[in-house]
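Spelled out from the first residue to the last, the chains are:
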Amino acid sequence: MDLLARTIIIAVAVIIILFIVYYALQNTVFQHVTQQQAASLVTADLQRTYPNALINVTNNTPSNYSGSWHIVASVVLNATSVCPSYFVYTFDYPQFGFVYRVDNTYTSNCVIYGLSSAKPFILSSFPVAITRAYTLGIPSVLSFVGSAGFGNTSAHANFFTLTSVQGSNYSNIWIVNYSSARENYTVYVLLSQLNGTLIKAFSVPNS
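What comes next concerns the included structure. (Residues numbered from 1 in each chain as written. Predicted model: local features only at pLDDT ≥ 70, side-chain atom pairs only at ≥ 80, totals over all residues. Heavy atoms only, no water.)

Some details on the nonpolar core
Side chains that are nonpolar tend, in soluble globular proteins, to be buried together. With 28 residues, the main nonpolar core has Leu123, Tyr134, Val141, Val176, Tyr178, Val189 and Leu191 as its most contacted residues. It is helix H3 (residues 126-135) that contributes the most residues to this core, five residues altogether. Among all residues touching leucine 123, those that are not within four sequence positions of it are Val128, Ala129, Arg132, Trp174, Leu191, Ser192, Gln193 and Gly196. (Core = buried A, V, L, I, M, F, W, Y, C linked by side-chain atoms within 4.5 Å. Buried < 20%, exposed > 50% of the residue type's maximum accessible area, 1.4 Å probe, protein only. Helix = DSSP H or I, 4+ residues; strand = E, 2+ residues; numbered from the N terminus. Contact = heavy atoms within 4.5 Å.)

A few points about the pairing of strand E2 (residues 69-77)
Among the nine residues in E2, seven count as buried, and that is most of the element. The pairing of strand E1 (residues 54-62) with E2 spans eight bridges and is classified as antiparallel. Pairing of leucine 54 across the sheet is with valine 76, part of E2. Counted between consecutive antiparallel strands, the loop separating E1 from E2 contains six residues, among which glycine 67 sits at a positive phi close to 85°. (Pairing = 2+ DSSP bridges.)

What to know about the pairing of strand E4 (residues 100-108)
Put simply, side chains in a regular strand alternate between the two faces of the sheet. Where strand E3 (residues 85-93) meets E4, six bridges bridge the pair, whose relative direction is antiparallel. Along E4, the bridge assignment pairs phenylalanine 91 with tyrosine 100. Two successive antiparallel strands, E3 and E4, enclose a turn made up of six residues, where glycine 97 displays a positive phi of approximately 60°. One ladder, built from two bridges, connects E4 with strand E5 (residues 111-112); its direction is antiparallel. What sits directly across from serine 108, in E5, is valine 111. Connecting E4 to the next strand, E5, in antiparallel fashion are two residues, including asparagine 109 with a positive phi near 55°.

If you want it as structure tokens, here you go:
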């Protein structure tokens with residue numbers, strides 16, 4: 001047998017061995033990653049990628065790939081800014097490691113995706129509520145952010161199924177507030193959960 005033939009046989013044998021090792025790892029190492037371990041590892045990787053983000057695993061189920069877990073994680077960047085960014089990523093771990101797919105982009109760069117006047121829209125998360133309040137162009141909000149500075153304004157949003165504000169009762173609303181160390185007052189915006197319609201906006205002096 002000449003040298004070329006022997007080289008080909010050796011190469012084929014190496015490839016076969018590598019495939020055997022790969023599938024053996026799938027059936028051993030991969031199988032030993034628990035559901036909780038997979039979620040923790042994915043969360044840790046996202047935290048390394050986005051050090052200051054709010055990260056939450058919202059779903060963790062057996063993957064279509066044997067020995068792996070299908071993990072859905074939400075990522076909120078600049079959570080208290082005037083325009084947070086909100087994404088949902090999906091992983092099949094450990095089958096594809098930390099390679100993710102963008103399952104949904106809810107808001108980014110002061111744009112709310114999926115918002116349309118042609119169909120009902122539900123404000124289901126605080127990043128979207130904050131962005132909605134800012135992009136409505138409410139004069140008191142624009143004035144506050146313009147005076148304090150975009151990067152110096154802190155925004156928060158809370159959802160209430162039933163609450164009372166300034167003597168009036170409201171149901172299923174978001175209350176968004178804007179504050180800054182540079183200003184002596186806070187702006188509040190009330191939005192309906194359905195379509196994010198403006199209910200009212202008002203200012204309150206800081207105590």
